[in-house]
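Summary of structural features
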Amino acid sequence: MAGTVRRRSRGFIPLAIVCALYILFLYGPVITIFVLSFQGPEGGLTFPMRGLSLHWYHELFKGLGVVDIGAAIRRSLALGVVVMLLTTLLALMAGLAFRKGFKGSGVLFYTAVASLIMPSIIISLGIGLQFRLFDDVIKAMLGHLGWTETLESYTTLMGLYTSGLGAHLTWTLPFGMLIMFAVFNRFNPAYEEAARDQGATPWQTLRHVVLPLIGPSLVGVGMFGFTLSWDEIARSSQAIGDVNTLPLELQGLTTTETTPSIYALGSSTTVVSLLVIFAALGAAALMRRRAGAKA
């Protein structure tokens, strides 16, 4: 009957309470830090708030002691973009390769996914040790060749885009691969067969058929790659070299900085992550709309 009110089951209220508590537990700390970042000049790190202003955001942009926050943000953004691009490209290539199957694919798959099981700090230490061994080998070779000037100027192979990049990819790439495997597992090959029947080459089929259909998923893989790299600490701690990313600087500030400016920094980094997520969702929705219009 029209207008009939649907009665809720007896378990609705308990489940609603559990859901509300879960959401509060999940997002409560983020909301608390965001609110406290707007403390007045006399405000502290806890409630009650003393005034309401953007004072600590102004202090943040002036700099926090000897820490160059601007440089750390630029390093994290640049590394995140590189990780995002490589994760998307490599995950796509892995998904295409595993569709066809090849000898040793099982071993390769479990080797790639194993990095998700191992503790992050162990992976970071292993990568750091590996690059130190590379440094020892290079120094020994330079000494053996008698290239004294090069040996004296040589420091290390460890850096943001060598060991640091590799450490981040051990975290982002398995997620990207798992997503692409799931996408191709339900991908209908009839679309490719129809394109080939029309005379399309393999490259044309990939470019004009496959990529547009899986485009939203690729955007999701890229979003995962950037956000996971942007927030990564453990895998960066021993493998990043002599520079720090923003999460490492933030971790160091928690032991030295005692003002709400650290809350302002945390809120700013959270906003960046949210912007990336919303941009990815918008791009995925736009690609779906375009694909639907063409269909």
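Refer to the structure above for everything that follows.
Residues numbered from 1 in each chain as written. Predicted model: local features only at pLDDT ≥ 70, side-chain atom pairs only at ≥ 80, totals over all residues. Heavy atoms only, no water.

Helix and strand counts for the protein come out as twelve helices and zero strands. Its helices and strands taken in sequence order, the protein reads α-α-α-α-α-α-α-α-α-α-α-α from the N to the C terminus. In summary, the protein has a C-alpha radius of gyration of 25 Å against a globular reference of 19 Å for 295 residues, an excess of more than 25%. Its C-alpha atoms put the protein at 70 × 65 × 35 Å along the principal axes. Taking all 295 residues of the protein together, the buried fraction comes to 33%. As displayed, the protein offers around 18,400 Å² of accessible surface, 67% of which is attributable to carbon and sulfur atoms. For the protein, the centre of its 21 positive side-chain charges and the centre of its 15 negative side-chain charges are spaced 20 Å apart. (Helix = DSSP H or I, 4+ residues; strand = E, 2+ residues; numbered from the N terminus. Rg over C-alpha atoms; globule rule 2.2 N^0.38 Å. Buried < 20%, exposed > 50% of the residue type's maximum accessible area, 1.4 Å probe, protein only. Areas by Shrake-Rupley, 256 points an atom, 1.4 Å probe, with all protein chains shown as cover. Lys, Arg positive; Asp, Glu negative; His and termini not counted. Charge placed at Lys NZ, Arg CZ, Asp CG, Glu CD.)

Moving on to the environment of T270. You can see T270 is positioned in helix 12 (residues 261-294). Residues T270 and V30, spaced 240 residues apart in sequence, show a C-alpha to C-alpha distance of 8.4 Å. Only 2.9 Å separates the side chain of T270 from the backbone oxygen of G266, close enough to count as a polar contact. (Polar contact = N/O pair within 3.5 Å; in protein donor to acceptor, adjacent residues only side chain to side chain.)

Next up on the list: the packing of helix 3 (residues 69-100) against helix 11 (residues 246-253). Pairs of packed helices are described in terms of their axes, by the angle between the two and the distance that separates them. The geometry of helix 3 relative to helix 11 is characterised by a closest axis approach of 8 Å and an angle of 140 degrees between their N-to-C directions. As far as their axial angle goes, helix 11 and helix 3 are oblique. Counting all contacts with helix 3, which are made through I69, A72, I73, R75 and S76, the residues of helix 11 involved are L246, P247, E249 and L253. Counted by class, the contact of helix 3 with helix 11 contains six nonpolar, one polar and two charged residues. (Axes fitted to C-alpha atoms, helices over the stretch in contact; angles between N-to-C directions. Parallel < 35°, antiparallel > 145°, perpendicular 65-115°, else oblique. Contact = heavy atoms within 4.5 Å. Nonpolar A, V, L, I, M, F, W, Y, C, P; charged D, E, K, R; others polar.)

Further remarks concern the packing of aromatic side chains. The description of two aromatic rings rests on the distance between their centres and on the angle between their planes. Counting across every chain of the model gives twelve aromatic pairs. On the numbers, 6.2 Å between centres and 65 degrees between planes, the contact of F184 with F187 is edge-to-face. Their ring planes at 15 degrees and their centres at 5.9 Å tell us that F226 and W230 sit as a pair that is stacked. With a gap of four residues between them, F226 and W230 both fall in helix 9 (residues 202-230), about one helical turn apart. Three or more aromatic residues joined by ring pairs form one cluster here, namely F98, F102, F109, Y110 and F181. (Phe/Tyr/Trp six-rings, centres within 6.5 Å; stacked < 30°, edge-to-face > 60°.)

Under the defined criterion, the tally for this structure stands at two salt bridges. Among the ionic pairs, E192 bridges to R99, the shortest N-O distance being 2.7 Å. With a gap of 93 residues between them, E192 in helix 8 (residues 190-197) and R99 in helix 3 connect regions that are remote in the sequence. Look at E192 and you get buried, because its relative accessible area is 11%. Under the relative-accessibility criterion, R99 is labelled partly exposed at 30%. (Salt bridge = Lys/Arg side-chain N within 4 Å of Asp/Glu carboxyl O.)

Remark: helix 4 (residues 105-117) packs on helix 7 (residues 163-185), axes separated minimally by 8 Å, with the N-to-C direction vectors making an angle of 125 degrees. As the angle between them shows, helix 4 and helix 7 are arranged oblique. Note on packing geometry: the crossing formed by helix 4 with helix 7 is left-handed. Here F109, A112, V113, S115 and L116 of helix 4 lie close against helix 7, whose contacting residues are T170, W171, P174, F175, M177, L178 and F181. For the contact of helix 4 with helix 7, the class distribution of residues is ten nonpolar, two polar and no charged. (Left-handed = near helix turned anticlockwise from the far one by under 90°.)

We now examine the side chain of S163. Tracing the backbone through its elements, the reader meets S163 in helix 7. A polar contact is formed between the side chain of S163 and the backbone nitrogen of G159, at a distance of 3.2 Å. Not counting the four nearest positions on each side in its chain, S163 is found in contact with I127, F131, M158, A239 and I240.

With that settled, consider helix 7. Here helix 7 contains 23 residues, and its C-alpha end-to-end distance of 33 Å stays within 8% of the 33 Å for a straight helix at 1.5 Å per residue. At T170, helix 7 is deflected by roughly 35 degrees, the largest bend along its length, and proline P174 occurs up to four residues later in sequence. (Expected span 1.5 Å × (residues − 1). Bend = angle between axes of the 7 residues up to and from the residue.)

Below, the discussion takes up the side chain of R235. Among the structural elements, R235 can be located in helix 10 (residues 234-237). The buried charged residue R235 lacks any salt bridge partner; its closest oppositely charged side chain belongs to E232, at an N-O distance of 4.5 Å.

Residue position: N188 is located in the loop between helix 7 and helix 8. Taking the relative accessible area as the measure of exposure, N188 reaches 39% and is therefore partly exposed. Separated by 14 residues in sequence, N188 and P202 place their C-alpha atoms 16 Å apart. Of note is the side chain of N188, whose polar atom sits 3.0 Å from the backbone nitrogen of A190.

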